[in-house]
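A closer look at the structure
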Amino acid sequence: MIIPAAGLGTRMAPMPSALDVKIRRPHPSKQFTELAGTPILIHTLRKFAGVDAVKEIWIALRENEMEGFRERLREEAKGIPKKKMELVAGGEHRQQSVQQALNSISAAADDIVLVHDAVRPLVTSEIIEDVIAAAKKYGAAIAGLPAVDTIKQVERTAEGAIVKSTLPRAGVVLAQTPQGFRYSVIKKAFDEASADGFVGTDEASLAERSGHDVAVVMGSPRNIKITTPADMELAEFYLQTSDEPVHRH
């Protein structure tokens, strides 16, 4: 599986202090922000390392964060089931990071490759296993949630936005991760996108563009992507009420 974790996560970062600016001290990326005393990315790793079907985990990081993360992995080793873990230098954006990892792995055509957001630490083993099973059956699958709010398609204006149409909720799902693919499917989709200079919104969008149907399995309202400080508060609450084990220091 692949975890792209080279993003900056600017929406999580507080305003830098005068001292930070003066000495050019960078804020940690959001995936390294601590949740219950442990970096979000470590929580995410534990979830996947705990699933028997996951054999290898490839983490795409910014080069200047790789050594520090190796050290944190050594510290957390007792709390993470032993799996092959490899770090690879990520790119400027998510698609490049996943591509770097894809170019580094060795896999058979029918092997399943999962891609998961570094900052979705509340994914369950059940969702992971469901995505793997659907990817084996259909070649491509994502976790998703039915839309409960009314979805409006809008046109952006200088003042804000104007509603152009209302989309039927029955035909809409909110995409989550993990997203899973046969290796042959995801490699072809990424190679075609790279050749055409196309950048998608997620891995499934590249598979769709490549002409492959993508199945949807049920995600969870708790499988949130931590993007803002408010998400951190919600994630802390979900961790406290989770049925799955939580490691604390």
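The structure reproduced in this document is the subject of the present report.

Next up on the list: the overall build of the protein chain. Within the protein chain, the secondary structure is distributed over 8 helices and 11 strands. Out of the 249 residues in the protein chain, the part that is buried amounts to 45%. The long-range fraction of contacts in the protein chain, counting pairs at least 24 apart against all pairs at least 6 apart in sequence, stands at 72%. Total accessible area computed for the protein chain in this model is approximately 13500 Å², and 52% of it derives from carbon and sulfur atoms.

Turning to the packing of helix 4 (residues 94-104) against helix 6 (residues 183-196), a few remarks are in order. Close contact between helix 4 and helix 6 brings their axes to 11 Å; oriented N to C, the two are set at 125°. Judged by the inter-axis angle, helix 4 sits oblique to helix 6. You can see that helix 4 and helix 6 cross each other, and the crossing is left-handed. Packed against helix 4, whose contacting residues are Q95, V98, Q99, L102 and N103, the element helix 6 presents Y183, I186, K187, F190, D191, A193 and S194 at the interface.

What follows is about the pairing of strand 7 (residues 140-146). In terms of burial, strand 7 is largely enclosed, as 6 of its 7 residues are buried. When strand 7 meets strand 11 (residues 215-218), the two strands line up parallel, connected through 4 bridges. Across the sheet, residue I142 finds its bridge partner in strand 11, namely V216.

Right, let's get into helix 6. An α-helical turn contains 3.6 residues, so any two residues separated by three or four positions project in the same direction. The end-to-end C-alpha distance of helix 6 is 20 Å, a good match for the 20 Å that 14 residues give at a rise of 1.5 Å each. The set of residues buried in helix 6 consists of Y183, V185, I186, K187, A189, F190 and A193. In this fold, the buried residues of helix 6 make contact with helix 4, strand 6 (112-115), strand 10 (173-182) and helix 7 (203-209). Of the residues trailing helix 6, G197 is marked for its positive phi of about 70°.

Now for the nonpolar core. In summary, soluble globular proteins display a tendency toward joint burial of nonpolar side chains. By size, the foremost hydrophobic cluster in this structure holds 32 residues, and its most contacted members are L41, L45, V54, I57, I59, L61 and F69. If you list the elements that add at least two residues to this core, you get helix 2 (40-49), strand 4 (56-61), helix 3 (63-76), helix 5 (125-138), strand 7 and strand 11. For this core, the element with the highest residue contribution is helix 5, accounting for 6 residues. Membership of the second largest hydrophobic core comes to 20 residues, among which are W58, A140, Y183 and V185.

Moving on, we come to the pattern of salt bridges. All chains considered together, the criterion is met by 16 salt bridges. Of the charged contacts in the structure, one is a salt bridge between E203 and R94, with a shortest N-O distance of 2.8 Å. Taken together, the residues E203 in helix 7 and R94 in helix 4 connect sequence positions 109 residues apart. A relative accessible area of 2% places E203 in the buried class. Classification of R94 as partly exposed rests on a relative accessible area of 25%.

With respect to the helices and strands, A140 occurs in strand 7. Sequence spacing of A140 and R182 is 42 residues, and the spatial spacing of their C-alpha atoms is 6.6 Å. Apart from residues lying up to four places away in sequence, A140 is in contact with A135, G180, F181, H212, D213, V214 and A215.

The rules behind each value
Along each chain, the written sequence defines residue order, and numbers are assigned to residues from 1. The predicted origin of the model limits local features to residues at a pLDDT of at least 70 and limits the giving and counting of side-chain atom pairs to 80 or more, whereas totals for whole chains, interfaces and linings rest on all residues. Hydrogen atoms and water are omitted, and side-chain values are computed over all heavy atoms in the structure. Counting from the N terminus, the helices are the DSSP runs of H or I reaching at least four residues and the strands are the DSSP runs of E reaching at least two. Exposed residues in this analysis have more than 50% of their type's maximum accessible area, buried residues have under 20%, and partly exposed residues fall in between, with area computed by a 1.4 Å probe over protein chains only. Contacts are assigned to residue pairs with any non-hydrogen atoms lying within 4.5 Å of each other. Each accessible area value is a Shrake-Rupley result obtained with a 1.4 Å probe; residue values ignore everything except the protein chains displayed when judging cover. All axes here are fitted lines through C-alpha atoms, helices being fitted over the stretch that makes contact, and every angle between N-to-C directions spans 0 to 180 degrees. Comment on the angle field: the value is read as roughly parallel under 35 degrees, roughly antiparallel over 145, roughly perpendicular from 65 to 115, and oblique elsewhere. Whether a crossing is left-handed or right-handed is set by the direction in which the near helix is turned from the far one by less than a right angle, anticlockwise for left-handed and clockwise for right-handed. Paired strands are those between which DSSP finds at least two bridges. Multiplying 1.5 Å by the helix residue count minus one yields the expected span of that helix. Joining through side-chain atoms within 4.5 Å is the link that ties buried Ala, Val, Leu, Ile, Met, Phe, Trp, Tyr and Cys residues into a set, and such a set is a nonpolar core. In the sections that follow, a salt bridge refers to a side-chain nitrogen of Lys or Arg positioned within 4 Å of a carboxyl oxygen of Asp or Glu.

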